[in-house]
Amino acid sequence: MATNSWANGLVKTLKDPTTHIISSNLAAVIQDKYAKAKHHYLVLPFEDIPSIFNLTSQHISLLQEMHLLALNVIEVKGQTQDNFLIGFHNQPSMQRLHLHVISKDFVSDCLKTKKHWNSFNTALFLNYDDLIVQLNENNKVKRLDSVTIKELSNEDLKCNQCTYVAKNMPSLKQHLLEHYEKKKKKTINRE
DNA sequence: GTTCTAGAAC
DNA sequence: GTTCTAGAAC
């Protein structure tokens, strides 16, 4: 095999239709194997597009369909769009283009490293809308240079819900859990 | 992408 | 002494 076997994990999963939460003729939604939040899904096209760096404006209709599937899975799971991030990693490591659909709580045992956090909560995360803008303006997605990637990966651990900056990952995780528990209580009180 | 673990940080 | 991070993985 040309590429590392671990990098083909998503393609293997996609080939098994029983893993598809929902799907269309062109794409399917699966659960992220190592979900970094309470909800974390991936939308993958059946077409063999390796990554965002193989996209041109010709792919926009496919991307729009992938985005619709993203909105659909949020609805299927009884969630609301405003509690989700929808976008791509600017430095993907897995084979096959995949759109992340992840809830903003980030409460998960699989969230372990600073790089995990910063890959969703800095410019390392490319929002769907921003990707479409790039394709319309430049007909391609701009690669970040390695220095920028390194800097963004090492950014301070800033909470995505308040001004708190965590000293390390365990304190960030504890803090995120507190946000999550507070929200849960509020929801219960509304009922 | 994750696992493992040496050595830094506390 | 324990917790935590960061780099190798053939």
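- Looking at an unreviewed UniProt entry, one finds chain A named Aprataxin-like protein, with Musca domestica as its source organism.

**A word on the overall build of chain A**
Piece 1. Helices and strands together make up the secondary structure of chain A, namely 6 helices and 8 strands.
Piece 2. Across chain A, helices and strands are ordered from the amino to the carboxyl terminus as α-β-β-β-α-β-β-α-β-α-α-β-β-α.
Piece 3. Expected size for 191 residues packed as a compact globule is a radius of gyration near 16 Å; at 17 Å, chain A falls within 12% of this value.
Piece 4. Principal axes of the C-alpha set define a box for chain A whose edges measure 45 × 45 × 35 Å.

**Digging into the sheet that holds strand β2 (residues 27–31)**
Piece 1. On the basis of which strands lie adjacent, the open sheet formed by 6 strands has the order β1-β2-β3-β5-β4-β6 and antiparallel pairing. Since the sheet does not close on itself, it has two edges, and those belong to β1 (22–23) and β6 (125–127), each with one partner.
Piece 2. Here strand β4 (residues 84–89) runs beside strand β5 (residues 99–103); their pairing, made up of 4 bridges, is antiparallel. By the bridge assignment for β5, Ile-86 is matched with Val-101.
Piece 3. Strands β4, β5 and β6 of the sheet are contacted by helix α4 (residues 128–138), whose axis makes an angle of about 75° with β6.

**Comments concerning the nonpolar core**
Piece 1. Among the nonpolar cores identified, the biggest contains 28 residues, and Val-43, Leu-63, Val-101 and Leu-131 are the most heavily contacted of them.
Piece 2. Secondary structure elements with two or more residues in this core: β2, β3 (40–45), α2 (60–76), β4, β5 and α4.
Piece 3. Considering each element in turn, this core owes the most residues, 8 residues, to α2.
Piece 4. In this structure, Leu-131 is in contact with Ile-52, Leu-55, Leu-63, Phe-88, Leu-126 and Val-141, ignoring residues within four places of it in sequence.
Piece 5. Membership of the second largest hydrophobic core comes to 13 residues, among which are Leu-111, Trp-117, Phe-125 and Leu-176.

**Topic: the protein's contact with DNA strand B**
Piece 1. In the vicinity of DNA strand B, the residues found are Trp-6, Tyr-34, Lys-36, His-89, Ser-93, Met-94, Lys-112 and His-116.
Piece 2. Among atoms of DNA strand B positioned within 4 Å of the protein, sugar and phosphate together represent 54%.
Piece 3. Here a phosphate oxygen of DNA strand B sits 3.0 Å away from a polar atom, N or O, in the side chain of His-89.
Piece 4. Ser-93 has a polar side-chain atom sitting 3.0 Å from a sugar or linking oxygen of DNA strand B.

**With respect to the protein's contact with DNA strand C**
Piece 1. Residues in contact with DNA strand C, as listed here, are Asn-168, Met-169 and Pro-170.
Piece 2. The protein-proximal atoms of DNA strand C, defined as those within 4 Å of the protein, are 100% sugar or phosphate.
Piece 3. Here a phosphate oxygen of DNA strand C sits 2.9 Å away from a polar atom, N or O, in the main chain of Met-169.

**Re α4**
Piece 1. The complete set of buried residues in α4 reads Tyr-128, Leu-131, Ile-132, Gln-134 and Leu-135. Within α4, the buried residues cover an arc of 160° as seen down the axis, which keeps them to one side. Away from its buried face by more than 90 degrees, α4 exposes Asp-129, Asn-136 and Glu-137.
Piece 2. At its buried positions, α4 is contacted by α2, β4, β5 and β6.
Piece 3. One or two positions beyond α4, positive phi appears at Asn-139, with a value near 65°.

What counts, and where the lines are drawn
Position numbers for residues start from 1 in each chain and track the written sequence from start to end. Naming scheme: in the order in which they are written, chains are lettered from A and ligands are numbered from 1. Reporting of local features is limited, given that this is a predicted model, to residues whose pLDDT is at least 70; pairs of side-chain atoms are given and counted only at 80 or more, and all residues count toward the totals for whole chains, interfaces and linings. Hydrogens and waters are ignored; side-chain quantities use all the structure's heavy atoms. Helix and strand labels come from DSSP, where a helix needs a run of H or I of at least four residues and a strand needs a run of E of at least two; each type is numbered from the N terminus. Atoms counted for the radius of gyration: C-alpha only. Globule rule: 2.2 Å times residue count to the power 0.38. In this analysis, strands are considered paired if DSSP registers two or more bridges between them. The contact definition used throughout considers only heavy atoms, calling two residues in contact when any of these lie within 4.5 Å. In this analysis an axis means a line fitted to C-alpha atoms, helices contributing only their contacting stretch, and an angle means the value between N-to-C directions, from 0 to 180 degrees. Remark: nonpolar core denotes a set of buried residues (Ala, Val, Leu, Ile, Met, Phe, Trp, Tyr, Cys) joined through side-chain atoms within 4.5 Å. The buried label goes to any residue with under 20% of its type's maximum accessible area, the exposed label to any with over 50%, and the partly exposed label to all in between, with areas taken from a 1.4 Å probe on protein chains only. Nearness is defined per residue: one heavy atom within 4 Å of the molecule or strand is enough. Pairs of N or O atoms are called polar contacts if they sit within 3.5 Å, as long as, within protein, a hydrogen donor faces a hydrogen acceptor (for residues adjacent in sequence, only side-chain-to-side-chain pairs). Directions pointing from the helix axis toward each C-beta atom define the arc.

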